[in-house]
Amino acid sequence: MASLSFNSTRITNPTTQSRKPNRLSRPTTTTPSHALSIKNPFKRSTLASNSVSESPQPVSAPPEDYDEEEDEDEDDPTAEICFFDPGADPEAVKEWEMDFCSRPILDARGKKVWELVVCDKSLSLQYTKYFPNNVINSVTLREAIVSIVDALGVPLPEKIRFFRSQMQTIITRACAELSIQPVPSKRCVSLLLWLEERYETVYTRHPGFQKGSKPLMALDNPFPMELPENLVGEKWAFVQLPYTAVQEEISSLESRYAFGGNLDLDLLGLEIDNDTLVPGLAVASSRAKPLAAWMNGLEVCSMEVDVSRACLILSVGVSTRYVYATYKKNAMTTREAEAWEAAKKACGGLHFLAIQENLDSDDCVGFWLLLDLPPPSV
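Residues numbered from 1 in each chain as written. Predicted model: local features only at pLDDT ≥ 70, side-chain atom pairs only at ≥ 80, totals over all residues. Heavy atoms only, no water.

1. Some words on the overall build of the chain
Then, number 1: Across its full length, the chain holds nine helices and 16 strands.
Then, number 2: Taken over 378 residues, the chain has a buried fraction of 49%.
Then, number 3: Summing over all exposed atoms, the chain offers an accessible surface of approximately 18,200 Å²; the carbon and sulfur share of this is 50%. (Helix = DSSP H or I, 4+ residues; strand = E, 2+ residues; numbered from the N terminus. Buried < 20%, exposed > 50% of the residue type's maximum accessible area, 1.4 Å probe, protein only. Areas by Shrake-Rupley, 256 points an atom, 1.4 Å probe, with all protein chains shown as cover.)

2. Remarks on the sheet that holds strand β8 (residues 225-226)
Strands belonging to one sheet form pairs held by backbone hydrogen bonds; the direction of such a pair is parallel or antiparallel.
Then, number 1: In spatial order, the strands read β8-β14-β13-β12; together these four strands make up an open sheet with mixed pairing. Since the sheet does not close on itself, it has two edges, and those belong to β8 and β12 (300-306), each with one partner.
Then, number 2: Bridge count for β12 against strand β13 (residues 311-316) is six bridges, and the pairing is antiparallel. Each residue of the ladder has a partner; that of Glu304, found in β13, is Ile313. (Pairing = 2+ DSSP bridges.)

3. Observations regarding empty space enclosed by the protein
Then, number 1: Reported here for the second largest cavity is a volume of approximately 30 Å³.
Then, number 2: If you go around the second largest cavity, the residues you meet are Lys186, Arg187, Val189, Leu263, Cys301, Leu369, Leu370, Leu371 and Leu373.
Then, number 3: The element best represented in the lining of the second largest cavity is strand β16 (residues 366-371), accounting for three residues.
Then, number 4: Along the lines of polarity and charge, the residues of the lining of the second largest cavity split into seven nonpolar, no polar and two charged. (1 Å grid on protein atoms, 1.4 Å probe; cavity = no way out; pocket = protein on both sides within 12 Å on 5 of 7 lines; lining within 4 Å. Points joined across faces, edges and corners; volume = space filled by probe spheres on them. Nonpolar A, V, L, I, M, F, W, Y, C, P; charged D, E, K, R; others polar.)

4. Quick word on helix α9 (residues 331-346)
Then, number 1: Across its 16 residues, α9 extends 22 Å between first and last C-alpha, which sits within 8% of the 22 Å expected from 1.5 Å per residue.
Then, number 2: Along α9, the residues classified as buried are Thr333, Thr334, Glu336, Ala337, Trp340 and Lys344. Along the axis of α9, the buried positions cluster into a sector of 165°, meaning they face one direction only. In α9, the exposed positions that point more than 90 degrees away from the buried face belong to Ala331, Arg335 and Lys345.
Then, number 3: At the exit of α9 stands Gly348, carrying a positive phi of roughly 70°. (Expected span 1.5 Å × (residues − 1). Arc of directions from axis to C-beta.)

5. Focus on the pattern of salt bridges
Then, number 1: Taken as a whole and assessed by the stated rule, the structure comprises 13 salt bridges.
Then, number 2: Where Glu115 meets Arg103, a salt bridge forms, and the shortest distance between an N and an O atom there is 2.7 Å. Here the residue Glu115 occupies a position in strand β4 (residues 112-119), and Arg103 occupies one in strand β3 (residues 95-106), the gap between them amounting to 12 residues.
Then, number 3: Taking the relative accessible area as the measure of exposure, Glu115 reaches 0% and is therefore buried.
Then, number 4: Of the charged contacts in the structure, one is a salt bridge between Glu304 and Arg321, with a shortest N-O distance of 3.2 Å. With Glu304 in strand β12 and Arg321 in strand β14 (residues 320-326), the pair connects residues that are 17 residues apart, well separated along the chain.
Then, number 5: Its relative accessible area of 10% is what places Arg321 among the buried residues. (Salt bridge = Lys/Arg side-chain N within 4 Å of Asp/Glu carboxyl O.)

Now the structure itself:
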């Protein structure tokens, strides 16, 4: 079974290559396609903590000018991070992931400390800064964004993704003043996993840490709503691809598909055998391109089966869930649904969504790599 860990070593992006798309295979067990029945009435390693990229070096005696204070700062839970990988292209970092929220830490006044955490999806950019609770507003955030740009020598991002709905007003205002597009989305996977690691390695060691605090990563999980008509497909089927094929799909995503979304598989640290079959959902529609275009603007997060209600649930944005499709509940379909969910669990929550003109096509119009986010561990 695959486990989801956090690999924070520097990332090398897969080489883009063109290739003939693999046919999405059906599971070897009996797997009928369905007419869409819509409800309509971490290998963990230490993160960089300064602006200098460091490569692993053999253990040796420290040089005469070795500064012990610098080493202490790297292990100091009160230290802040301001880092950009010198090997990365600043102009290529067009999207940031951001969290601006209180932490389970009290300051000298007995008030909760707030923290701004910013990264890009490959962790080439890493920034953290603590704030007292009496300066939390859009002006402070806007000034902090500008200070990141100035300190790291990177351009303003085109988009900033964030996953906390309660911070939407402050983040949206700050972004608007800088002509940045704010994107409410749970597709902040790098940020979410980094925060999980920071809780374990930083916050719990901070002198002001509060034991018994509420989970840092509590995510909205509302009751699913009716699917909008423009997102309705015509048929669907549970499908599968070998992990190697999924890696190839992602490496060539930008060159092959007009619509879709990827995840940095190396950063996720998923330990999956190359021949392991990754589960997915294929959706067919005679209006596949318009359907894929609409899906592309939704920040698709994950797809799950609600076995008790015999339906598929689509999670998008920050706090939106739709009843994507229903199926006739019987012993066979229940086994099929449970097997699909079990396959996801075996792949560390990894799965995908493919939109096609028909289920037998070799071509996809859109391809999204999805991930079941782990439940809060703190």
